[in-house]
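# Working through the structure, step by step
The residues making up each chain are set out below.
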Amino acid sequence: TKLALVCTRGDEGAHLGGRLWHEAASAHLERAETAGGLRQQAHDPAPDRSARRFAGQGDGELRWRLTNCAWTQPKRQALKEAGVDEVVLAIAYQPGVMMSFLKEYEEKLGIKITCSQEVEPMGTAGPLALAKNHLVDPKEPDHPFFVLNSDVSCEYPLKELIQYHREKGAEATILVTKVDEPSKYGVVVVEEDGKVDRFVEKPQTFVGNKINAGIYILNPSVLDRIELRPTSIEKEIFPKIAEDGSLYAMVLPGFWMDVGQPKDYLTGLGLYLSSLRANAPHRLASAPYIVGNVIIDKTAKIGENCIIGPDVSIGPNVVVDDGVRLKHCTIMRGVHIKSYACVSGSIVGWDSVIGRWARMENMTVLGEDVHCKDEVYTNGAIVLPHKEIKSNVLTPQIIM
């Protein structure tokens, strides 16, 4: 089965995004290994070979974060059960950098990871046309493939999606999720039998409460509908398939979150950890210093008299000294947090150092190798890689 990981284009020009989200992706992949995280076990016999490929769009900048988040615990088991053995990443931003770290996971997981590079932004459908040769298996030309937007986190019922797609005889099947305020979104109007009737953008009167969850299973024939140009699968391709009566929707169980932005990412982390608590509590950390749901890589070192949680993710080779307080945050690989520092509602990038008694809060985001001096207070700062914070940052700002 192939899987295309599709990252929809997000905020352009945010250089921190591409680098930091890329770091986050790697950190999540590392963390997932300890947590039983998303590992596509292609070497295991596939119980269902109807959709063995996965196409994923990862176009760049801020949205890369999701790729990794989408690649945590729930996805591993889901992809394993669905028999995925190849991943195609549709990306435009630094494909060489992406592949340099993905190669490690390709070898670990025994799967094939391919990058399909966009020279120009191709929207959410164009990348699939560009990657057509990767997505269609000449030996099994009629077998469908998955498409996942990389900035989505949920429980990934991919095996159930394959079965539903088969039962309906659909050309394309999309996962939809229910929301409380559908007027903020494009609504998918679905008939009782699951057939998609139409799409309504930000309706002012109630027509339904289901929205596109960014996860699809497509027959290869869908690729024949897509021209090799910038194209929206949501606005140009799916409506035509719906008109032909071949588009179905399956309601997504459990949580769903678009995690393309830092604040939403941390919200998604909390939802994901809550899902682990309900479905796989043994994967969460358990210790006297843990509060609520926390996931800690087995290589991390935690000092004495710390309080960690709720909703904290700690990556590989992290060092947390004595008396540290962590809550609602992600700490990526190789970070050193010195004694009595406090990190709340923030994301700390690879190999960064947080000084003694430093305080970081209000959605502060550090890129790779950022050094925060002792006793410095940081409030909502976005800090690019390889910077040093020597004095207090009292108001949210970008530090370049």
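These figures come from a predicted structure and were not determined experimentally.

## Side note on the overall build of the protein chain
Tallying secondary structure elements over the protein chain gives nine helices and 30 strands in all. Evaluated residue by residue, the protein chain yields a buried proportion of 58% over its 400 residues. Across the protein chain, every contact between residues at least 6 apart in sequence was considered, and the portion connecting residues at least 24 apart equals 59%. With an accessible surface of roughly 15900 Å², the protein chain has 48% of that area assigned to carbon and sulfur atoms.

## Topic: the pairing of strand S8 (residues 186-190)
As defined by bridge partners, S8 adjoins strand S9 (residues 196-201) across five bridges and the pair is classed as antiparallel. In the sheet register, Val188 faces S9, and the bridge partner there is Phe199. Turn length for the S8-S9 hairpin, with the two strands adjacent in sequence and antiparallel, is five residues, and the turn residue Gly194 shows positive phi of about 95°.

## Quick word on unusual backbone geometry
Here the residue pair Gly309 and Pro310 is connected by a cis peptide bond, since its omega of 0° sits within 30 degrees of zero. As for its position among the elements, Pro310 is in the loop between strand S15 (307-308) and strand S16 (312-314). Here Tyr156, not a glycine, exhibits a phi torsion of approximately 55°, which is positive. The residue Tyr156 is located in the loop between strand S6 (152-154) and helix H7 (158-168) in this model. In the Ramachandran plot, Asn305 falls in the positive-phi region, its phi being about 60° despite a non-glycine side chain. Structurally, Asn305 can be placed in the loop between strand S14 (301-302) and S15. Assessed through its relative accessible area of 68%, Asn305 is described here as exposed.

## Focus: the side chain of Glu171
Relative to the helices and strands, Glu171 is located in the loop between H7 and strand S7 (172-178). In this structure Glu171 comes out as buried when scored by relative accessible area, which is 12%. At 3.0 Å, the side chain of Glu171 forms a polar contact with the side chain of Arg225. If sequence neighbours within four positions are ignored, Glu171 has contacts with His165, Ile217, Leu218, Asn219, Ser221, Val222, Arg225, Ile241 and Ser246.

## Observations concerning the sheet that holds strand S13 (residues 294-296)
The strand order S13-S16-S19-S22-S25-S28-S30 describes an open sheet built from seven strands, whose pairing is parallel. What marks the edges here is a single partner per strand, and that holds for S13 and strand S30 (398-399). In the packing of helix H9 (residues 262-279) onto the sheet, contacts are made with S13, S16, strand S19 (329-331), strand S22 (347-348) and strand S25 (365-366), and the angle to S19 comes to roughly 90°.

## As for H9
For H9, built from 18 residues, the straight-helix expectation of 26 Å at 1.5 Å per residue is met to within 8% by its first-to-last C-alpha distance of 25 Å. Buried residues of H9: Pro262, Tyr265, Leu266, Gly268, Leu269, Gly270, Tyr272, Leu273, Ser275 and Leu276, and no others.

## Examining the sheet that holds strand S21 (residues 342-344)
Taken together, five strands build an open sheet; the order of strands is S15-S18-S21-S24-S27 and the sheet is parallel. Each edge of the open sheet carries a strand with a single partner, namely S15 and strand S27 (377-379). Sheet analysis places S21 next to strand S24 (residues 359-361), joined by two bridges and oriented parallel. Its bridge partner being in S24, Cys342 is matched across the sheet by Arg359.

## Topic: the side chain of Asp137
Topologically, Asp137 is positioned in the loop between helix H6 (132-135) and strand S5 (145-149). Among the polar contacts made by the side chain of Asp137, one reaches the main-chain amide nitrogen of Lys139 at a distance of 3.0 Å.

## Considerations on the confidence of the model for the protein chain
Within the protein chain, residue pLDDT values average 80, and 77% of them lie at 70 or more. Long-range and interchain partners of residues 6-52, a stretch whose pLDDT sits below 50, account for 196 contacts in this model, where long-range means more than four residues apart. Taken together, the stretch residues 56-73 has pLDDT below 50 and engages in 122 contacts with residues farther than four places along the chain or on a different chain.

## Side note on the packing of aromatic side chains
Going through the model one piece at a time under the given rule, you end up with two aromatic pairs. Arranged with centres 4.9 Å apart and planes meeting at 80°, the rings of Tyr216 and Phe238 form a pair that is edge-to-face. Here the residue Tyr216 occupies a position in strand S10 (residues 210-218), and Phe238 occupies one in helix H8 (residues 233-243), the gap between them amounting to 22 residues. What makes Tyr216 buried here is its relative accessible area of 1%. On the numbers, 4.8 Å between centres and 20° between planes, the contact of Tyr340 with Trp357 is stacked.

## Here we look at the nonpolar core
Ile314, Leu326, Ile331, Ile337 and Ile354 are the most contacted members of the largest nonpolar core, which has 30 residues in total. Of all the elements in the fold, those that place two or more residues in this core are S13, S16 and S19. Setting aside chain neighbours within four positions, we find Ile331 in contact with Ser313, Ile314, Gly315, Val318, Leu326, Ile337, Val343 and Val348. In this structure, Ala131, Leu135, Phe238 and Ala249 belong to the second largest nonpolar core, which totals 26 residues.

## A few points about the environment of Leu394
Note on placement: Leu394 falls in the loop between strand S29 (388-389) and S30. C-alpha of Leu394 to C-alpha of Gly380: the two residues are 14 residues apart in sequence and 8.2 Å apart in space. Those residues in contact with Leu394, other than ones at most four positions away along the chain, are Tyr377 and Asn379.

About the cut-offs
- Residues numbered from 1 in each chain as written.
- Predicted model: local features only at pLDDT ≥ 70, side-chain atom pairs only at ≥ 80, totals over all residues.
- Heavy atoms only, no water.
- Helix = DSSP H or I, 4+ residues; strand = E, 2+ residues; numbered from the N terminus.
- Buried < 20%, exposed > 50% of the residue type's maximum accessible area, 1.4 Å probe, protein only.
- Contact = heavy atoms within 4.5 Å.
- Areas by Shrake-Rupley, 256 points an atom, 1.4 Å probe, with all protein chains shown as cover.
- Pairing = 2+ DSSP bridges.
- Polar contact = N/O pair within 3.5 Å; in protein donor to acceptor, adjacent residues only side chain to side chain.
- Axes fitted to C-alpha atoms, helices over the stretch in contact; angles between N-to-C directions.
- Expected span 1.5 Å × (residues − 1).
- pLDDT = per-residue confidence, 0-100.
- Phe/Tyr/Trp six-rings, centres within 6.5 Å; stacked < 30°, edge-to-face > 60°.
- Core = buried A, V, L, I, M, F, W, Y, C linked by side-chain atoms within 4.5 Å.

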